[in-house]
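So you can see what is in the structure, the chains are spelled out below.
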There are 4 protein chains.
Amino acid sequence: MTAAVSAVKAALRSQAIETPSWAYGNSGTRFKVFAQPGVPRTVREKLDDAAQVHRHTGVAPSVALHIPWDRVDDYTALAAYARERGLRLGTVNSNVFQDDDYKLGSVTHPDPAVRRKATDHLLECVAIMDATGSRDLKLWFSDGTNYPGQDDTATRQGRLAEALAEVYERLGEGQRMLLEYKLFEPSFYTMDVPDWGTAYAHCLGLGPRARVVVDTGHHAPGTNIEFIVALLLREGRLGGFDFNSRFYADDDLMVGAADPFQLFRILHEVAKNGGFEDGDGMEGVAFMLDQCHNIEAKIPGVIRSVMNVQEATAKALLVDLDALRAAQRAGDVLGANAVLMDAYNTDVRPLLAGLREEQGLHPDPMAAYRESGWQERIVAERVGGEQAGWGA
Amino acid sequence: MTAAVSAVKAALRSQAIETPSWAYGNSGTRFKVFAQPGVPRTVREKLDDAAQVHRHTGVAPSVALHIPWDRVDDYTALAAYARERGLRLGTVNSNVFQDDDYKLGSVTHPDPAVRRKATDHLLECVAIMDATGSRDLKLWFSDGTNYPGQDDTATRQGRLAEALAEVYERLGEGQRMLLEYKLFEPSFYTMDVPDWGTAYAHCLGLGPRARVVVDTGHHAPGTNIEFIVALLLREGRLGGFDFNSRFYADDDLMVGAADPFQLFRILHEVAKNGGFEDGDGMEGVAFMLDQCHNIEAKIPGVIRSVMNVQEATAKALLVDLDALRAAQRAGDVLGANAVLMDAYNTDVRPLLAGLREEQGLHPDPMAAYRESGWQERIVAERVGGEQAGWGA
Amino acid sequence: MTAAVSAVKAALRSQAIETPSWAYGNSGTRFKVFAQPGVPRTVREKLDDAAQVHRHTGVAPSVALHIPWDRVDDYTALAAYARERGLRLGTVNSNVFQDDDYKLGSVTHPDPAVRRKATDHLLECVAIMDATGSRDLKLWFSDGTNYPGQDDTATRQGRLAEALAEVYERLGEGQRMLLEYKLFEPSFYTMDVPDWGTAYAHCLGLGPRARVVVDTGHHAPGTNIEFIVALLLREGRLGGFDFNSRFYADDDLMVGAADPFQLFRILHEVAKNGGFEDGDGMEGVAFMLDQCHNIEAKIPGVIRSVMNVQEATAKALLVDLDALRAAQRAGDVLGANAVLMDAYNTDVRPLLAGLREEQGLHPDPMAAYRESGWQERIVAERVGGEQAGWGA
Amino acid sequence: MTAAVSAVKAALRSQAIETPSWAYGNSGTRFKVFAQPGVPRTVREKLDDAAQVHRHTGVAPSVALHIPWDRVDDYTALAAYARERGLRLGTVNSNVFQDDDYKLGSVTHPDPAVRRKATDHLLECVAIMDATGSRDLKLWFSDGTNYPGQDDTATRQGRLAEALAEVYERLGEGQRMLLEYKLFEPSFYTMDVPDWGTAYAHCLGLGPRARVVVDTGHHAPGTNIEFIVALLLREGRLGGFDFNSRFYADDDLMVGAADPFQLFRILHEVAKNGGFEDGDGMEGVAFMLDQCHNIEAKIPGVIRSVMNVQEATAKALLVDLDALRAAQRAGDVLGANAVLMDAYNTDVRPLLAGLREEQGLHPDPMAAYRESGWQERIVAERVGGEQAGWGA
């Protein structure tokens, strides 16, 4: 009752999941960051770890950068370093939330001098993209307010639109702007981009290369994320995903860990609506992880996350769309649901193990990593220096 | 520290809050509808009750209709009946959720015949507006799905867009379409218009006379409603409000009963962003109630609700906007918040009692209604017949 | 890496899932009840339908009653009728929410006469249990308030405690009281038993035969239900489950349809903490469905639900507890999670099909029901009369 | 229609709100801690700031300590230092979440050595109470798990019970244990004490001096906090409050800033159920702040918060309980609600200004602080050293 395995495998072969440089560094909550042994001290060491993930999974060929956490003198050299390890540099993420000037906002700050500084940082990120060859600039703003009356919502929207327009104009050929939304945290009364509607409205105002990013942890309780995905794909405005999972808020747990069925439903909408089709092209959907491995081992945590996305993708591709559409047209509620569940209930691990073996990979990436000795090596070698983290 | 009382009173004099015909009939939950003595049996009796509300509050001059609950043979005669009681007929609300054909949707149903039937009902509503002289057609769709896979989200969006376009084309001079969104209920997996972003996207596609309606009970937990209000006003797309209050879901309690501070913040955004300005004009914001007085007396419940909106409006108008903006520009978090709270903490009941007396009204509408003997009269007279309710 | 299949099958053979009589009747939302052809008109016809579910699944041998919906003159005769169809009468559910007297509460109503009437109904339910041989009296109260100030929380708790004590005293040998909690609906400000803590506190005050019922749709967003299950089992106070699933509120969808991983985690806690052990005994956990098949076919909807519980149970039983505990003791976060996920990711459908065949059943209960012709027969035969529903 | 002002003033005169030492230090989110000029470097400087709050409000006579953040060599000397400034040392808060050993838990950690270390810290806190003369030990545990399967819920409850019992036994005459619960953060799958029910169950097992603390930011969306307050007071198990306010999660904003009506309802339950009566006695309810002034000025933020609690208390005391109970008994929904709202809608600021003047205080504490020059002084003098914060 499910789709043909050969077609599924073909689609899986072209899948690419981007891992974030910061997933390899330390992270935590406001209460405590628990450091882990072997964590990278430099961007290059982050790339070394990301290369391990790609080596064992075969589907994680690019790495997202976070500026200034990953600031280096020579991005061309950094790109070459990545290339030598079988990787490429991916999305560039701006950071306008960790400077003391940004206490009341960055591009929406009441003070024009602070807005100027923040916008300049965004422009710097585009310059970095020129050097790294990145397609996507991902913008997330912590901007917002904590108290009613603190600032004016409509005015802040105007400031935001102005900054975005300046950056959008600066984009070069083959570059896109991905705008992320988030319900709350670190601002607790308003966020300046709290929901997909706000991001979408700004993207419409900017132009076709402005797209919305869906971070799976950034919604109000009860939000139907796959509905948003379907809508944005229909409108040609889905730029990509920041994958992670959550039970409560922006927990940033491993994707697929909290609600694997939701992940499947999201990827089912992607599959149905052409989201796997354009890959690296200008219409492509970027599949990125954005997680915090606060208590679990970091590289294995990333490998597990990549595998979770891959497994959910395989299940989504297995859905028998012809049967599904027939049942939907017939108004057969239970029948249509059964077609979907049939794919979800399939154990795709053998299929993926087989695919890996066809690609010359170990069938079990977790075991492969364990056996590689990399973890022991980095724990032994990465002594001294300052471990990478959010504050670094 | 608050704004000038004379200006506030002037603004309050022009306020108009529309009450819904169905608030005067019986309502309940899926568990039980508790009937109340004296409830109207006919549309005319609903108008009689609405006239009581306006008589004692002075700010509820129009009544929203719900078709088919308020279907009559002669809408021109009905409008005259209203006029004789000092009222006018207001927004026309469609109902495409109570026919057996709509089990799987109305305008988004898989079957084109059902979609046709539903769209025809919407067109009938526009014809009724022609007769009643109503400005606004309010559309709320219960359409959606209960189970993953049941139907295709993107396809349903297409069907929805098609129906809306046909109805929008049919609108006459001086008529608008207000599109309502709702997170869930009665559909439990997807609603076809679950959030403001979806409603907004459809309105953009339709044209300038399509506007979004904000029902204050239709959001996910934690949603900042006043943010949405500010955004829609900035975009010129706020059509109006369905006021009610909620602790959990779409509880449909009396507006202002659950979170009066939220109501104040919402009306503060309306005041700041020009939402009180155009009144009955094509750019006006419609202030409507949409509530269920399941256990409290109905007419007094409506009066209390109207008063709650009026009190929150008075507080919103009292905000010293100059002082607020100065504090905001200065980045004075506590100062700006204090300006807002100063207005909220003001007891505006004496101001409103004075305003009523200036208008020849009893200073206390609840007491005035009690003393009027109307309740005793309708309980005595409205015997026999079938009481109005949602199913009628 | 998973537990032995033979032990899993043995445990599955003793599983019993109770279906509710009202699942076979019509149900809906406050907006509309969509009637379905073939729906039972009488309690006996409900039992006929329930017999179909048990016939094809083999794990649904008992049926819960709802009084007064299932009130008959002779419960002994009804029990015999059930027995002839391979069924037994199960839990008796009280209903003190559909009489006009209960508008402001039943056992917590301000008026002692209403409280007396409500308590008398509960005592009647115990008398029915004497006749049916039921073990469990399940109490759910819609009691609560809609508005702050409407009534006094602490006073209502006292009234509730008094009524429960009277009923508890009336319980006979081998009878238990199961107390259900619910966050909201139909009361929207307070429910008198809103959470497990409140139910637990009352049960402690009553005695060892008072137990808490967990309805999986009755929690606040983000509540970790399996945590509550583990706690109640540890305290010896888990009486049973009302299974269903929800995306938003008390959606009453088919269990396992919204979050199958959650269902698995719940049953994993049951398995780990001895909840499958005592079966029909006084320490047994009752596994009941409580759902509304508003838009899907009813008997197939119940069959699917029973299968979903069975599949989740099979996965829960497959968890390799020795490996899990070893990883937990070692603080191996990813390893422990992997042991759990390994069972969840297993496709248990072949195992269950095999089990059914061993029991002389069709391997696919949905197909078996389709092929049985029962649906066509009841649609043809059950013409005229009044279909059963919540109001009946 | 409201209660007698003289009685209200008398009650307000005896109110005491405890401020937390850490509110005067730096705090922030996981994204950034924004340092503020003038922030204390030592516990003594925190007490100096707290003395300012008490000096201007007259109702904040005690300060809560947090160990190890406030660890000193000589607590007797510290208590004397507080006394000289018109303060006393209040509740002692333990901290078992910032040591590297606590990554997987403290008193519930799988490793008994870590549990021993954590319990020893709790015992140390009791020893500090002996020296400071504190009545209350407040326990909040970050313990929990991030991933399903990571550890066993029931087992962790056993470990928790064991540690609590040891600490409870150590309590001296006149000492109590307050157990706090929290839905999530920093653990994201389970917290070991996620809700009031869990805290209550442990308190029951310990003895009468174990009480539950309600932090107003620690609940699931939609939770009715005042219901919990009423229940715990009825059971004699409410130990106190950690006041703050939230729009989304544990935002730790100023109390009364997000939902002042909720704060009023909570204090109404306190007033009705005797919670203001025993003050410093063993049955007293502790009124504590627990907030993060991330972006607003800290001392003014604390003053505003204290005033917000005071204003809400005044309104709660103004409720005409006789009229309320009469309306409740009569089942007069609107009438009972109106009695409550009448008090809430009263502007109590003049009453409180008058009360302050009677006590020889400035009528406006915010202005008094501004005029005092303290802020300028600490900004000028507190140069160098390490500012206090959560990590300090």
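- In the annotation of an unreviewed UniProt entry, chain A is listed under the name L-rhamnose isomerase and assigned to Streptomyces xinghaiensis.

A closer look at the relation of the copies chain A and chain D
Phase 1: Once chain A is rotated about the relating axis by 180° and shifted along it by 0.0 Å, it coincides with chain D to within an RMSD of 0.0 Å. In short, the pair behaves as if placed about a two-fold rotation axis. Among all residues of chain A, the minimum C-alpha distance to the rotation axis is found for Arg 30 of chain A, at 2.1 Å.
Phase 2: The share of interface residues of chain A whose copies in chain D are also at the interface is 100%, consistent with both copies meeting through the same surface.

Digging into the confidence of the model for chain A
Phase 1: When pLDDT is averaged along chain A, the result is 97; 99% of the residues meet or exceed 70.
Phase 2: We note a pTM of 0.98 for the whole complex and an ipTM of 0.97 for its interfaces.

What about the pairing of strand S4 (residues 136–139) of chain C?
Residue and element names in this part refer to chain C.
Phase 1: Burial of the side chains of S4 extends over both faces: Asp 136 and Lys 138 are buried on one face and Leu 137 and Leu 139 on the other.
Phase 2: Here strand S3 (residues 88–93) pairs with S4 via two bridges, running parallel. If you follow Asn 93 over to S4, its bridge partner there is Lys 138.
Phase 3: Following the backbone out of S3, through helix H4 (residues 112–132) and into the adjacent parallel S4, one traces a crossover that is right-handed.
Phase 4: Pairing of S4 with strand S6 (residues 176–180), which is carried by four bridges, proceeds in the parallel orientation. Considered in S6, the bridge of Lys 138 is made with Leu 178.

Digging into the relation of the copies chain D and chain B
Phase 1: Least-squares fitting of chain D to chain B yields an RMSD of 0.0 Å, with the transformation described by 0.0 Å of translation along the axis and a rotation of 180°.
Phase 2: Both copies share a contact surface, since 100% of the interface residues of chain D are interface residues in chain B too.

Considering the interface of chain A and chain D
Phase 1: If you look at the interface, chain A gives 42 residues, while chain D gives 42 residues.
Phase 2: Counting the contacts that link chain A with chain D gives eight salt bridges.
Phase 3: Here Arg 30 of chain D ties to Asp 252 of chain A by a salt bridge, and the two come within 2.9 Å at their closest N and O atoms.
Phase 4: Our enumeration of links across chain A and chain D arrives at 19 residue pairs in polar contact (both at pLDDT 80 or more).
Phase 5: Residues that form the side of chain A that touches chain D fall into these classes: 24 nonpolar, seven polar and 11 charged.

Some remarks on the side chain of Ser 187 of chain B
Residue and element names in this part refer to chain B.
Phase 1: As for its position among the elements, Ser 187 is in the loop between strand S6 (176–180) and strand S7 (190–191).
Phase 2: A distance of 3.4 Å separates a polar side-chain atom of Ser 187 from the backbone nitrogen of Gly 144.
Phase 3: Those residues in contact with Ser 187, other than ones at most four positions away along the chain, are Ser 142, Asp 143, Gly 144, Thr 145 and Asn 146.

A look at unusual backbone geometry
Phase 1: Between Glu 185 of chain A and the following residue, Pro 186 of chain A, the backbone shows a cis peptide bond with an omega angle of 10°.
Phase 2: Structurally, Pro 186 of chain A is set in the loop between strand S6 (176–180) and strand S7 (190–191).
Phase 3: Even without glycine at this site, Asp 252 of chain B takes up a positive phi of about 60°.
Phase 4: In this model, Glu 185 of chain D sits at a positive phi of 75°, which is unusual for a non-glycine residue.
Phase 5: With respect to the helices and strands, the residue Glu 185 of chain D is situated in the loop between strand S6 (176–180) and strand S7 (190–191).
Phase 6: The exposure class assigned to Glu 185 of chain D is buried, which follows from its relative accessible area of 15%.

Thoughts on the interface of chain D and chain B
Phase 1: Chain D puts 30 residues into the contact, and the matching count from chain B is 30 residues.
Phase 2: For the pairing of chain D and chain B, the buried interface totals around 2200 Å² over both sides, and the portion due to carbon and sulfur atoms is 58%.
Phase 3: Taken as a group, Leu 334, Asn 345 and Arg 349 of chain D account for 25% of the area that chain D buries against chain B, more than any other trio of residues on that side.
Phase 4: Our count for the chain D to chain B interface comes out at two salt bridges.
Phase 5: Across the pair Asp 342 of chain D and Arg 349 of chain B runs a salt bridge whose closest N-O atoms are separated by 2.6 Å.
Phase 6: For the pair chain D and chain B, the interface holds three residue pairs in polar contact (both at pLDDT 80 or more).
Phase 7: Of all elements in the fold, only helix H8 (260–272), helix H9 (298–318) and helix H11 (333–344) of chain D reach the threshold of two or more residues within the side of chain D that touches chain B.
Phase 8: Broken down by element, the side of chain D that touches chain B gets its largest block of residues, six residues, from H11 of chain D.

What to know about the packing of helix H1 (residues 5–13) of chain D against H9 of chain D
Residues and elements named next belong to chain D.
Phase 1: Packing of H1 against H9 brings their axes to within 9 Å, and their N-to-C directions diverge by 140°. As summarised for this structure, H1 and H9 are arranged oblique, according to the angle between their axes. The two elements H1 and H9 meet at a crossing, and its hand is right-handed. Judged by residue contacts, Val 8, Ala 11 and Leu 12 of H1 engage Gln 310, Thr 313, Ala 314, Leu 317 and Leu 318 from H9.
Phase 2: By residue class, the composition of the contact of H1 with H9 is six nonpolar, two polar and no charged.

Thoughts on the pattern of salt bridges
Phase 1: Applying the stated rule across the entire model yields 144 salt bridges over all chains.
Phase 2: One salt bridge in this structure joins Asp 242 of chain B and Lys 138 of chain B, with 2.9 Å as the shortest N-O distance. Of this pair, Asp 242 of chain B sits in strand S9 (residues 238–243) while Lys 138 of chain B sits in strand S4 (residues 136–139), placing them 104 residues apart in sequence. The pair formed by Asp 242 of chain B and Lys 138 of chain B is uniform in burial state, with each residue classed as buried.
Phase 3: Sharing partners across several salt bridges, the network here consists of Arg 30 of chain A together with Lys 182, Glu 185, Asp 250 and Asp 252 of chain D.

So, the packing of aromatic side chains
For any two aromatic rings, the description comes down to two numbers: the centre-to-centre distance and the angle of the planes.
Phase 1: For the structure on display, the rule yields 76 aromatic pairs over all chains.
Phase 2: Consider the rings of Phe 241 of chain A and Phe 287 of chain A, whose centres lie 5.8 Å apart with planes at 25°: the pair is stacked. With a gap of 46 residues between them, Phe 241 of chain A in strand S9 (residues 238–243) and Phe 287 of chain A in strand S10 (residues 286–289) connect regions that are remote in the sequence. This pair shows no difference in class: Phe 241 of chain A is buried, exactly as Phe 287 of chain A is.
Phase 3: Note on Phe 264 of chain A and Tyr 344 of chain A: the rings are 5.2 Å apart at their centroids and 45° apart in plane angle, and the pair reads as tilted. Here Phe 264 of chain A is found in helix H8 (residues 260–272), whereas its partner Tyr 344 of chain A is found in helix H11 (residues 333–344), with 80 residues between them in sequence. The pair Phe 264 of chain A / Tyr 344 of chain A is uniform in exposure class, with both members buried.
Phase 4: Among the aromatic residues, those joined into a cluster by ring pairs are Trp 22, Trp 69, Phe 97, Trp 140 and Trp 390 of chain A together with Phe 31 of chain D.
Phase 5: The ring of Tyr 81 of chain A has Arg 44 of chain A sitting right over it, with the charged end atom 5.0 Å from the ring centre.
Phase 6: If you follow Arg 265 of chain B out to its NZ or CZ, it ends over the ring of Phe 261 of chain B, 4.7 Å from the centre.

Considerations on the packing of helix H2 (residues 43–57) of chain D against helix H3 (residues 75–84) of chain D
Residues and elements named next belong to chain D.
Phase 1: For the pair H2 and H3, interaxial distance at closest approach is 10 Å and the crossing angle is 25°. The orientation of H2 relative to H3 falls into the category roughly parallel. Between H2 and H3 lies a crossing of right-handed hand. Residue-level contacts link Val 43, Arg 44, Leu 47 and Asp 48 of H2 to Ala 77, Leu 78, Tyr 81 and Ala 82 of H3.
Phase 2: Partitioned by chemical class, the residues of the contact of H2 with H3 number six nonpolar, no polar and two charged.

As for helix H5 (residues 153–170) of chain D
Phase 1: Relative to the 26 Å expected for 18 residues at 1.5 Å per residue, H5 of chain D spans 26 Å between its end C-alpha atoms, a close match to the ideal helical length.
Phase 2: Of all the residues in H5 of chain D, the buried ones are Thr 153, Ala 154, Arg 156, Gln 157, Arg 159, Leu 160, Ala 163, Leu 164, Val 167 and Tyr 168 of chain D.

Focus on the pairing of S3 of chain C
All names here are of chain C.
Phase 1: In terms of burial, S3 is largely enclosed, as five of its six residues are buried.
Phase 2: In terms of strand pairing, strand S2 (residues 62–66) meets S3 through four bridges, oriented parallel. Note that in S3 the partner of His 66 across the bridge is Asn 93.
Phase 3: Crossover handedness for the path S2 to helix H3 (residues 75–84) to S3: right-handed.

Details of the side chain of Thr 153 of chain B
Phase 1: For Thr 153 of chain B, the location among the structural elements is in helix H5 (residues 153–170).
Phase 2: Not counting residues up to four positions away in its chain, the partners in contact with Thr 153 of chain B are Phe 227, Ala 230 and Glu 269 of chain A together with Thr 190 of chain B.

Calculation rules
- Residues numbered from 1 in each chain as written.
- Chains lettered and ligands numbered in written order.
- Predicted model: local features only at pLDDT ≥ 70, side-chain atom pairs only at ≥ 80, totals over all residues.
- Heavy atoms only, no water.
- Least-squares fit on C-alpha atoms with pLDDT ≥ 70 in both.
- Contact = heavy atoms within 4.5 Å.
- pLDDT = per-residue confidence, 0-100.
- Buried < 20%, exposed > 50% of the residue type's maximum accessible area, 1.4 Å probe, protein only.
- Helix = DSSP H or I, 4+ residues; strand = E, 2+ residues; numbered from the N terminus.
- Pairing = 2+ DSSP bridges.
- Right-handed = clockwise from strand over helix to strand, strands pointing away.
- Salt bridge = Lys/Arg side-chain N within 4 Å of Asp/Glu carboxyl O.
- Polar contact = N/O pair within 3.5 Å; in protein donor to acceptor, adjacent residues only side chain to side chain.
- Nonpolar A, V, L, I, M, F, W, Y, C, P; charged D, E, K, R; others polar.
- Buried area = accessible area lost by both parts, 1.4 Å probe.
- Axes fitted to C-alpha atoms, helices over the stretch in contact; angles between N-to-C directions.
- Parallel < 35°, antiparallel > 145°, perpendicular 65-115°, else oblique.
- Left-handed = near helix turned anticlockwise from the far one by under 90°.
- Phe/Tyr/Trp six-rings, centres within 6.5 Å; stacked < 30°, edge-to-face > 60°.
- Lys NZ or Arg CZ within 6 Å of the ring centre and 35° of its normal.
- Expected span 1.5 Å × (residues − 1).

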